[in-house]
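Okay, here's what each chain looks like letter by letter:
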Amino acid sequence: MAAKWAQKTVVIPAQRRGCHLITPKILREIEGDLSGFKCGLAHFFLQHTSASLTINENYDSDVQADTETFLNRIVPEGHNAPWKHTMEGPDDMPAHIKSSMFGCALTIPITDGRLNMGTWQSMVLIRVFSWSSQNCAEMQGAPPDQMGASYPHMFLILLLLHGANAASNAPAGPKWQTLSGRPPQVIARGGFSGLFPDSSQFAYQFALSTSLPDVVLFCDLQFSSDAMGFCKTGLTLDNSTTVSEIFPKMEKTYKVDGEDVHGWFSLDFTSDQLIQNITLIQNIFSRPSTFDGSMGMYMLDDVAELRPPQIWLNVQYNSFFLEHKLSTEDYILALPKGISLTYISSMEIDFLKSLGGKLKKSKTKLIFRFLNEDVIEPSTKKTYGELLKDLKSIKDFAVGILVPKTYIWPLNKDQYLAPSTSLVKDAHALGLEVYASGFANDIATSYNYSYDPSAEYLQFIDNPDFSVDGVLTDFPATASGAVACLAHSKGNPLPPPGKDTRPLIITHNGASGVFAGSTDLAYQQAIKDAADIIDCAVQMSKDGVAFCMHSADLSAYTTAGIAFASKSSTVHEIQNKSGIFSFDLSWSEIQTLKPDLYSPFAQAGLKRNPAAKHAGKFLTLPQFLDMAKTSNVSGILIEIEHAPYFAKRGLGVVDAVSSALVKASYDKETKQQVFIQSDDSSVLSAFKKFLTFKRVLSIEIQFSGASKPSLDDIKKYADGVRIHRSSVAQITGYFMTKFTDTVSSLQAANLTVFIGVLKNEFMNLGFDYFADPTIEVVTYSLAVMADGIVTDFPATAASYFIHGIFRFLLGTGPIILWSTLLGATQRTLTPIHTPPPPPMATVATHFGSPPSPPRRLCRRSRSAFPAGARRSAAAPRARIRSLRNLSCLVSRTAKASVSGAEPSSGGEDVNEIIDAVEVESTTPGGSFLAKVTVAIGIAVTATVISLIMKQPSSGPSFSLPQIVDASTQSDAAAATIGYTFSLFGKIVIIPEYTPGWVYFWLLMAAGFGLFISEEALNVWVCPLHWGVCISDMIPFYLGKLFRQTKASKDISSKIGIGKEKALSISRAVQKYGNLIGFVERFSIGVRNPTAFLAGALGISADCFFAGVCFGCLFTLPIQLAVGFVLRERPVVALASVAAAVGIWTAFPYAAAACTALFLYLRRRRESSS
């Protein structure tokens, strides 16, 4: 009887703190595997450091509650506990201790295909760590209390089954067409360089935690002047580091392969200079700058200390460094035994030949790297295209080749795939391995892939003819998913939709990412791509024909803009811009039009299938229904919008849809479900008579959660809702910060929830999704648990569900699940040799706790640059600053994507912005009091100096300002030597012998933004300047105190301004960062709130004070000049103030009132006509 092994990874969704019975969940997942074992052992292993496994009673729930009570008493928590490890909060170390008490593994016997446990026994998952707002307040990033429960914070349980197998033989794993027959290698170029700066610590660590277990870390070798090896792509440093800022005079020009290259070169610096002064930045504009300036250059020794499974050392510039007496060969041969190189590649033949003769006993594989075909190889003086024709000669000194992917699958001039070359087969026939380079999720590739990077990987590793031996990629997680989950699954059936399986795949105008929406070709492609529901947005022609079209405005989706330009009009009930509308054209006229494939990101160079731009024909509603009837789709969705306006035009769209459905017998249909979708409750109510139809309310506005009265109202006329992606998750910058309770609240009310619209283009995806649309599909399926996803590309969603999540590949070990990539952007990585960064918050992940780097308040629009655009050498560097040289505000300001490429204007408020910002780690009370003491000390000093300098030579020794009637102005002025100014018909006299502190506090008042005339300000420059600056620091420190006391509720009411204004100021603080002190001086009318929110948002006090002092040099002369001009003209002064106030307050209200009146009168006129 042969031995049998089975291994499976089971994902347990996010759990609150406490004890949870998980046996039913586990059994559902492993039932099929268990049934094949008559006798054996099941070993369960939990991959988590703050949770544990045990076996206990499953009958009385009090057992779980009492266990939690026992743990809390035996292992104390809180700030008074003796624990030192509190990086993630006061319950951080207690969580680890509790986890160790129970352990993370269980072994249970198997008998007759069942776990042999007692009647009242159950496996218990003990979640011993809970986030709290108190914990997160001291960390950077999204508040963990917002992430813990709703974000996909999952545990991985590894199941190992072993026993006697009655069936004897386990099925063999899939056979790969690689040279070795094993799965292709995933090679991470510079680590996870698609997210982090290339060759940085976080990039390498993140690649290890999100990729296949045997991932290869790729290091491009560079040398310092003292022959230390660094990993860094590209010969010059200025495009991807801060070197040009730190050493502006070190730019040089060298000859490289006969051409002059200008820039900063690593060989001009010592290793200490590079390590201690230079930090890395992202050199591709479409990728996040969030992590710029937070990590130094990484040495090969540092990469080795990560203990990766394999290291690939690429030697790109051996001849250049050799010219400067830096020998790559000597460096490699002198590497300590602890640094094992699996691969060494070079584009120089002589180097590989020489090194190969000295590494005969080594297991290191030498790989010859090909550059573009017209480039000349320096050793042979032949082009790489010529060398490609003589692969046999390469076999003499290398075991494989690394080639650009176009060597294998070339593209034609229109960016479509040409037939593949025979390179892989020819190389394999000679015993050469073939590795392909140039893979990235965020670059425009062949239109054949429909912007799905997984489809491109599968083209190279899972086609019928060949498979490359490895792929060099900037996004190793996506490549790992393609290898482990998606490959070798063609022909797998699509599991039926359901709560325990998958959501419905609903098209958006058919497969509108491939063909023009709402055409026959788009619907045929959607059916071919295994969509569950195909949709038709019904429009009406002038002669009453109902047909499918995304919008009543035909100009964006057809050629109507050319053919019927004269019929352009503006219909405000439909949209606020002009268009050519379906109800102004007859159906025969519409049939003369050609479809126009709409590409939402065409301006960024991301066009959709241009070869089919005008392909297909439009369908009437009956034609659409006939097509659906004869297909294998499980349902249809009919969308109706603008029904009241159609009715006003004499076009009954509701009646047209109803009659068409009845005529097609859909009112009696049992195999296909009918969904009626509309944003109009009266439309949905009209279909209530069709008992089998499901009615869906379309909600395009962004919202979070829903009240019970609202839900009850929706349920009166709808069975479900279709919501926008922006309502599912809160986003800041281009990153998700938390999931909302929108979906859960709707589902709790028994409403079906559809989410859309999903698009494949990486410009539509946030950084959390790694520019991979499959991860967005996983998010809404596994984390949000949507009932349906609406997409332009149904093939991408179907591919994921067809290929399945849980796969085991022979020889690869446990796979990395797609679900493990959710939210993996924020992890706490352990630094190897560099000092650890400040404590920071982490987003829920599945692989423990890696490090999110500090984030600068520098927001960059993803659409501002072409896809894949790189920094030029002359690009401005003012915004890139080393954290070693300047303290920058750290905040979660990078955005992700749930609402698309443009940042959302809603869905966040100032309280959440403040809660997401790190508080300075200094002792709150001491720091605050010390700085306040310094400020008061300066004020007292200025007052004392003022008293000493302004003591009168005669007369009274003390006097306060006097207020007299204007009629006595001349007498008062004559009787008093001092300064006067008019105020509300009164004369304010400040005598010459008034003590200095009076002037000082008047200046303080001026600093708060009060209008003070020139006489009151025309005093000593030093008290004037410092008084204003210190006055601005008072609200600033109040804001810091507010933040440190964590009183972050209803902040706008506390500072006396509206929520919108508070949010606007908070965004300004985020935008300008440490420059906000300077900007605050020009914030007319909101100076106090700006200073207050700057303190609350964690701006450095030093930076803010410096900005204020500098700003005063501009604003005080302006104030003095204004006061001087207006001092003798109080009426003009008051009129000026009133005019300014009117512009900012009365004018917008007046404009709004006039607009409303205009619209009201126009509507009355139209209704009467």
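What comes next is a walk through the structure. Throughout, residues of each chain are indexed from 1 in the direction in which the sequence is written. In view of the model being predicted, local features appear only for residues whose pLDDT reaches at least 70, and side-chain atom pairs are presented and counted only at 80 or more, with totals across whole chains, interfaces and linings using the full set of residues. To get the side-chain values, all heavy atoms of the structure are used, and hydrogens and water are removed first.

## What to know about the packing of aromatic side chains
The aromatic pairing rule takes the rings of Phe, Tyr and Trp, using the six-membered ring of Trp, and pairs them if the centres are within 6.5 Å, calling planes under 30 degrees apart stacked, those over 60 edge-to-face and the rest tilted. Going through the model one piece at a time under the given rule, you end up with 38 aromatic pairs. In textbook terms, an aromatic cluster arises when at least three aromatic residues are bridged by ring pairs, as seen for Phe-192, Phe-196, Phe-202, Phe-206, Phe-291, Phe-475 and Phe-770. Comment: the charge-over-ring label is applied if NZ (Lys) or CZ (Arg) is within 6 Å of the ring centre and within 35 degrees of the ring normal. Above the face of the Phe-439 ring, Lys-405 is positioned so that its terminal group lies 5.1 Å from the ring centre. In this structure, Arg-502 is placed above the aromatic ring of Phe-801, and the distance from its NZ or CZ to the ring centre is 5.9 Å.

## Regarding the pairing of strand S3 (residues 39–46)
Burial classes: relative accessible area under 20% of the type maximum marks a residue as buried, over 50% as exposed, and values in between as partly exposed (1.4 Å probe, protein chains only). Helix and strand labels come from DSSP, where a helix needs a run of H or I of at least four residues and a strand needs a run of E of at least two; each type is numbered from the N terminus. Side chains of S3 alternate between two faces, with Gly-40, Ala-42, Phe-44 and Leu-46 buried and Cys-39, Leu-41, His-43 and Phe-45 left unburied. Relative to strand S5 (residues 105–111), S3 runs antiparallel, the two sharing seven bridges. Residue pairing for S5: Ala-42 is matched across the bridge by Ile-108. By definition, two strands form a pair when at least two bridges between them are found by DSSP.

## Considerations on the pairing of strand S26 (residues 635–640)
Within S26, six of the six residues are buried, leaving the element largely enclosed by the surrounding structure. When strand S22 (residues 533–540) meets S26, the two strands line up parallel, connected through six bridges. What sits directly across from Asp-535, in S26, is Leu-637.

## Topic: the packing of helix H2 (residues 62–74) against helix H3 (residues 92–102)
Relative orientation and spacing of two packed helices are given, respectively, by the angle between their axes and the distance between those axes. Note on definitions: angles span 0 to 180 degrees between N-to-C directions of axes, and those axes are lines fitted to C-alpha atoms, for helices only across the stretch in contact. The N-to-C vectors of H2 and H3 enclose an angle of 120°; their axes lie 10 Å apart at closest approach. The angle between the axes of H2 and H3 places the two elements in the oblique class. Our pair here, H2 against H3, has a crossing hand that is right-handed. Listed contacts from H3 to Thr-67, Phe-70, Leu-71, Asn-72 and Ile-74 of H2 are Lys-98, Met-101 and Phe-102. Here the term charged refers only to Asp, Glu, Lys and Arg, the term nonpolar to Ala, Val, Leu, Ile, Met, Phe, Trp, Tyr, Cys and Pro, and the term polar to all other amino acids, Gly among them. Looking at the contact of H2 with H3, its residues break down into five nonpolar, two polar and one charged. Each angle receives one of four descriptions, namely roughly parallel if under 35 degrees, roughly antiparallel if over 145, roughly perpendicular if within 65 to 115, and oblique otherwise. Crossing handedness: left-handed means the near helix sits turned counterclockwise from the far one by under a right angle, and right-handed means the same turn made clockwise. When checking whether two residues touch, look at their non-hydrogen atoms; a contact exists if any pair is within 4.5 Å.

## A closer look at the nonpolar core
Definition used in this section: a nonpolar core is a set of buried Ala, Val, Leu, Ile, Met, Phe, Trp, Tyr and Cys residues joined via side-chain atoms within 4.5 Å. Formed by 184 residues in total, the largest nonpolar core has its most connected members in Ile-408 and Ile-638. Broken down by element, this core gets its largest block of residues, seven residues, from helix H17 (residues 476–486). These domain limits were set by an automatic method or by a database of domain assignments. Taken domain by domain, this core gets at least three of its residues from each of domain 2 (185–235 + 298–486) and domain 3 (504–816). In this view, Ile-638 contacts Cys-536, Val-538, Leu-621, Phe-624, Leu-625, Val-657, Phe-675, Ile-676 and Gln-677; residues no more than four positions away in its chain are not counted. Core analysis: the next-biggest nonpolar cluster, separate from the first, contains 22 residues, Ile-1065, Phe-1092, Ala-1101 and Phe-1104 among them.

## Observations concerning unusual backbone geometry
In this structure, Val-757 follows Gly-756 across a cis peptide bond, with omega equal to 5°. Unlike most non-glycine residues, Lys-325 shows phi in positive territory, near 60°. The residue Lys-325 is located in the loop between helix H10 (318–323) and helix H11 (328–333) in this model. Even without being glycine, His-642 reaches a positive phi, approximately 60°.

## Here we look at the pattern of salt bridges
When a carboxyl oxygen of Asp or Glu is within 4 Å of a side-chain nitrogen of Lys or Arg, the pair counts as a salt bridge. Enumeration over the complete set of coordinates arrives at 22 salt bridges. The partner of Glu-456 in a salt bridge is Lys-405, and the shortest N-O contact between them spans 2.6 Å. Highlighted residues: Glu-456 in helix H16 (residues 453–461) and Lys-405 in the loop between strand S18 (400–404) and helix H15 (423–429), separated in sequence by 51 residues. Judged by relative accessible area, Glu-456 falls into the buried class, the value being 5%. Between Asp-792 and Arg-608 there is a salt bridge; the shortest N-O distance is 3.1 Å. Of this pair, Asp-792 sits in the loop between strand S33 (788–791) and helix H28 (794–803) while Arg-608 sits in the loop between helix H20 (587–591) and helix H21 (621–629); the two residues are 184 residues apart in sequence, bridging distant segments of the chain. Each member of the pair, Asp-792 together with Arg-608, is buried. Each of Arg-189, Asp-198, Arg-287, Asp-442 and Asp-474 takes part in salt bridges that share partners, so that together they form one network.

## Quick notes on the side chain of Asp-520
Structurally, the position occupied by Asp-520 is in helix H18 (residues 520–528). None of His or the chain ends enter the tally, which takes Lys and Arg as positive and Asp and Glu as negative. Of the side chains with opposite charge, Lys-617 comes closest to the buried, unpaired Asp-520, at an N-O distance of 5.0 Å. Contacts described as polar in this section are N or O atom pairs within 3.5 Å, which, within protein, must combine one atom able to donate a hydrogen with one able to accept it, while residues neighboring in sequence count only if both atoms come from side chains. At a separation of 2.9 Å, a polar atom in the side chain of Asp-520 contacts the main-chain amide nitrogen of Lys-617. In this structure Asp-520 touches Gly-616, Lys-617, Leu-619 and Met-627, once residues within four positions along its chain are discounted.

## Topic: helix H1 (residues 23–34)
Take the residue count of a helix, subtract one, and multiply by 1.5 Å to get its expected span. Here H1 contains 12 residues, and its C-alpha end-to-end distance of 13 Å is more than 12% below the 16 Å for a straight helix at 1.5 Å per residue. Taken together, the buried positions of H1 are occupied by Thr-23, Ile-26, Ile-30 and Leu-34. Taken end-on, H1 shows its buried residues confined to a sector of 70°, consistent with a single buried face. Opposite the packed face of H1, turned more than 90 degrees from it, sit the exposed residues Arg-28, Glu-31 and Gly-32. As used here, the arc is the angular range of directions from the helix axis to the C-beta atoms.

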